[in-house]
Amino acid sequence: DERLQREAARCIEGATRAAAEAERRSRERAAQLEAWAAEQRKAWGEKVVRTEALLESVSELTAFEHRAHEEAEAAIRSAQAERDEAQCAAEALAEAARELLERARLVQRDLS
């Protein structure tokens with residue numbers, strides 16, 4: 001009885017640690033992706049500045065800016081999608097950990 005309670009307590013602790021770790025990793029990945037998106041926006045801005053100095057025709061500059069803007073938006077959308085996927089994975093892990101925690105509590109209650 002006491003052994004099972006200790007085992008249930010270890011399960012609860014493990015599930016809690018797993019959920020916290022998944023949440024921490026998700027936050028770290030989201031921060032990395034947002035930093036990467038900021039770098040992409042900055043790089044895009046620098047490309048536009050350099051290109052303005054190099055291109056002589058307005059039509060060439062407009063076409064380049066349009067492509068660069070689309071690429072930057074696509075990169076940002078991609079980073080946001082990765083962040084959303086990481087968040088969903090963390091939420092799923094947290095939900096599984098909560099379920100495991102609830103089961104452990106039920107086992108512990110049944111053993112009491």
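So, here's what we can say about the structure. Counting restarts for each chain: residues are numbered from 1 in the order of the written sequence. Local features in this predicted model are restricted to residues of pLDDT 70 or higher, and side-chain atom pairs are both shown and tallied only at a pLDDT of 80 or more, whereas totals for entire chains, interfaces and linings draw on every residue. Heavy atoms throughout the structure, all of them, feed into the side-chain values; hydrogens and water do not.

1. Thoughts on the pattern of salt bridges
Selection criterion: Note on definitions: salt bridges are taken to be side-chain nitrogens of Lys or Arg within 4 Å of carboxyl oxygens of Asp or Glu.
Under the criterion given, the structure shown has 14 salt bridges. Counted as one network, the salt bridges with shared partners bring together Glu21, Arg24, Arg25 and Glu28.

2. Overview of the layout of surface pockets
Our working definition: A pocket, in this scheme, is an open set of points on a 1 Å grid over the protein atoms alone with protein on both sides within 12 Å along at least 5 of 7 lines, while a cavity is a set where a 1.4 Å probe fits but cannot get out; residues line either one if an atom lies within 4 Å of a point. Grid points are joined across faces, edges and corners, and a volume is the space filled by probe spheres set on the points. Put simply, DSSP marks the helices as runs of H or I at least four residues long and the strands as runs of E at least two long, and each gets a number from the N terminus on. Ten residue types, Ala, Val, Leu, Ile, Met, Phe, Trp, Tyr, Cys and Pro, are classed as nonpolar, four, Asp, Glu, Lys and Arg, as charged, and the remainder, Gly among them, as polar.
Its boundaries defined by the atoms lining it, the largest pocket holds a volume of some 150 Å³. Around the largest pocket, the lining residues are Gln40, Ala43, Trp44, Lys47, Phe64, Arg67, Ala68, Glu71, Ala72 and Ala75. At the level of elements, helix H1 (2-54) and helix H2 (58-111) are the ones that each hand at least two residues to the lining of the largest pocket. Tallying contributions element by element places H2 first for the lining of the largest pocket, with 6 residues. Counted by class, the lining of the largest pocket contains 6 nonpolar, 1 polar and 3 charged residues.

3. As for the environment of Arg83
Put simply, the rule is: Throughout this description, buried means an accessible area under 20% of the type-specific maximum (1.4 Å probe, protein chains only), exposed means over 50%, and partly exposed covers the range between. Here, two residues are considered to be in contact whenever any of their heavy atoms come within 4.5 Å of each other.
Among the structural elements, Arg83 can be located in helix H2. Using a relative accessible area of 24% as the deciding quantity, one classes Arg83 as partly exposed. Apart from residues lying up to four places away in sequence, Arg83 is in contact with Ala30, Leu33 and Glu34.

Shape descriptors only; they carry no functional weight alone.
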